[in-house]
Structures are given as structure tokens and as C-alpha cells.
Amino acid sequence: MERGPLDDLFPGLRRPQEALPDHPVHPRVLALPVDDRVDLVFVVWEDPGGPHALHHALRERVEGALLSELSRPASHALEVPLRALRLVVFGAMDELDQAVRAFGFTREDEDPAAVAHARGEASALGRAVPEEVRALRADVRAQPLAERIAERLRPSVADEVFGGRPGAFFARLNVALEVEGERPLPPRRASLDALEALLVPCVEGAVRWIPALAFQALCDAVAVVTARDLGREVQWAECAADAEGLAPPPLLRVRGPDGWVHLPIGLELLRWCVMPLAPGEEPPPLSAWLTDRLGT
């Protein structure tokens, strides 16, 4: 398993680097500090076999990198906010814009810092890359309220991980909401829509970032609503982190009419609430997603 995408920000936790597999889309995500924020840099060394193959490979990298950071516990949560995702593409590639549009990437003038970072990585790997290079960028947006709530959650869940005490993150989230002048929310499906409006940026074409602890609290809220409002038996996976602060994504088990089913709530909320919206896209509210996913 590859290291977390922001391991450069935690130099004291570095381990010996295992050899990376040689792949047209770089397996490692690079961290590029910019002032008081950080960009994540994804690199395409060569055409992996057309736009469909590129889209598939990038989806694995982008979703994996974002979910890795969203799953970190308070003890290792990212303190430097994300500013943007960068994509550095070497060589010619057909239908590039079409392949990367779903991730919010659009063309920009060549970014010297990101390109230099990528070329340095190529040199370290002994990989020769062409001079031709294209740079793309996806903005990252976050709700100011979500950022403040995450900061309020940090001390209150300092020694806890998602699933360690089922419902604890949702309870602490309600306390944080009250401190911010918002009304606490009951464990009802309508509360998920209220949380979505408070925590998820309403923007198109950008990563709709939710700080990690607020994201985990939203996952916990879905679990509590599933148990209390839908009347389902729910089991939380305890997502303890390893020495580098890497934790499994939030995961639930829900008993349905046909037995237990796994609900990868972290991955599903990443795709529903965090990944960019296409122009004109208006997804149903989160409560409708939950009803459709699990039934009434």
C-alpha cells in the first residue's frame, strides 16, 4: 500500500520508501506547499492507453488521495488546508480535457513549481520524460463554517477514532453547531439535508472539501440516522490509524431484509458530497440518497 499523499508534511513519520510500480499515471501523489496551504500534485508520465484508461487511473489516484486525508483521525488530521489539485501531464495525449473533466481539472498556464516538483520525482525514479508538458488545476473549496466546526471538534475528539464510540462524532458535532449559533439536529433524515447545506460547498467544477473531522462527523450522522430513523441495526467499524496516521475510511455494516450489507460510507459520501459537480448538475439531497441506498 502506498503512503499517504501528504507524508511530506510529516517528516518525522517517514519510513523507508519501497520501490514504486512503474505506471503511466504516477502511483504517488506529491504535496506542494504554497504559502499557508498545500496543493496535491498528480502526474501522468505517458498515455496509459486512451482517455478511458486515463480517467480510470486518475479516479483511483484522486479518490484515494482525498479519502486518505478525509479519514485521518484528530491526532493526525491535516492542519494545512488544501488549496488545489494539480495535474502535470507529460507528452501528447488525445482527448485530455474530456478524460479529466470529472475531477474539476481545467487547463492553466504552466505552473513552474508543480512541473519542477514532477520533474524532480522523475529524476529520483530514473524516468526520462519529454519536454512537452501540460498543466491543469482543480480548485478546492470549503465552507468557512465547516472549517470552524472541524477546529471545534479537534480537541473534543482528540483521542477518538471513527467508530470507536458509535454516535460520538455526531453528538460532538451538535455541540459544535450550538457554539456556532446553529440549532442541534435530531437523528432524522431531514437533518442530513441540513448538514449537507451547512458543510458542503454549493459550487460547480471544484472539489467540495469538507475538513476531515467534519466529514467523519457527517458519516457518523448518517449511521445514527440509519439506526434511529430507518430503524436498522448498524455496526460501526473502528477506524484506528497506523503509526503514520493513515486510517481506514469510515465503514458501516447495516442489517437489511436479506442480511448484513457493508456500506462504505466514507467512499460513498466522498463521491456524493466532495467530488466536483458538473455544470448544471443538481443531485438529490443526502436524505434521498440514503433512502434510495437502504430503502425506507
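Caption draft 1: A look at the environment of E160. Within the secondary structure, E160 is located in the loop between α4 (144-156) and α5 (168-179). According to the relative accessible area criterion, E160 is buried, its value standing at 16%. In this structure the side chain of E160 is engaged in a polar contact, spanning 3.2 Å, whose partner is the side chain of R172.

Caption draft 2: Broad picture of the packing of aromatic side chains. All chains considered together, the criterion is met by three aromatic pairs. Ring centres of F42 and F105 lie 6.5 Å apart, and the angle between their planes is 75°; this geometry places the pair in the edge-to-face category. Within this pair, whereas F42 is found in strand β2 (residues 37-44), its partner F105 is found in the loop between α2 (96-100) and β4 (106-108), the two being separated by 63 residues in sequence. By relative accessible area, which is 2% here, F42 ends up buried.

Caption draft 3: Geometry of the nonpolar core. By size, the foremost hydrophobic cluster in this structure holds 78 residues, and its most contacted members are F42, L66, L85, V100, F105 and L269. The dominant element in this core, judged by the number of residues it contributes, is helix α7 (residues 212-228), at eleven residues. Dropping the residues within four chain positions of it, F42 is found in contact with V29, L58, R61, V62, A65, L85, R86, L87, V88 and F105. Of all hydrophobic cores here, the second largest spans 14 residues; its members include L32, V41, V43 and A118.

Caption draft 4: Fine view of the pattern of salt bridges. The full count for this structure, using the stated rule, is 20 salt bridges. Across the pair R28 and E121 runs a salt bridge whose closest N-O atoms are separated by 2.4 Å. Pair noted here: R28 is in the segment before β1 (30-34) and E121 is in helix α3 (residues 112-125), with a separation of 93 residues, a long-range link. Each of D39, R83, R86 and E108 takes part in salt bridges that share partners, so that together they form one network.

Caption draft 5: View of unusual backbone geometry. The phi dihedral of D35 is positive, around 55°, even though this residue is not glycine. As for its placement among the helices and strands, D35 is situated in the loop between β1 and β2.

Caption draft 6: Molecular detail of the sheet that holds strand β8 (residues 252-256). The three strands are arranged β7-β8-β9 in an open sheet whose pairing can be described as antiparallel. Strands at the two margins of the open sheet, each flanked by one partner only, are β7 (234-236) and β9 (259-263). Taking each pair of neighbouring strands and ignoring which way they run, the sheet shows an average axis angle of 20°. Pairing analysis gives five bridges linking β8 to β9, with the strands arranged antiparallel. Paired with R253 across the two strands is H262, which belongs to β9.

The rules we used
Residues numbered from 1 in each chain as written. Predicted model: local features only at pLDDT ≥ 70, side-chain atom pairs only at ≥ 80, totals over all residues. Heavy atoms only, no water. Helix = DSSP H or I, 4+ residues; strand = E, 2+ residues; numbered from the N terminus. Buried < 20%, exposed > 50% of the residue type's maximum accessible area, 1.4 Å probe, protein only. Polar contact = N/O pair within 3.5 Å; in protein donor to acceptor, adjacent residues only side chain to side chain. Phe/Tyr/Trp six-rings, centres within 6.5 Å; stacked < 30°, edge-to-face > 60°. Core = buried A, V, L, I, M, F, W, Y, C linked by side-chain atoms within 4.5 Å. Contact = heavy atoms within 4.5 Å. Salt bridge = Lys/Arg side-chain N within 4 Å of Asp/Glu carboxyl O. Pairing = 2+ DSSP bridges. Axes fitted to C-alpha atoms, helices over the stretch in contact; angles between N-to-C directions.

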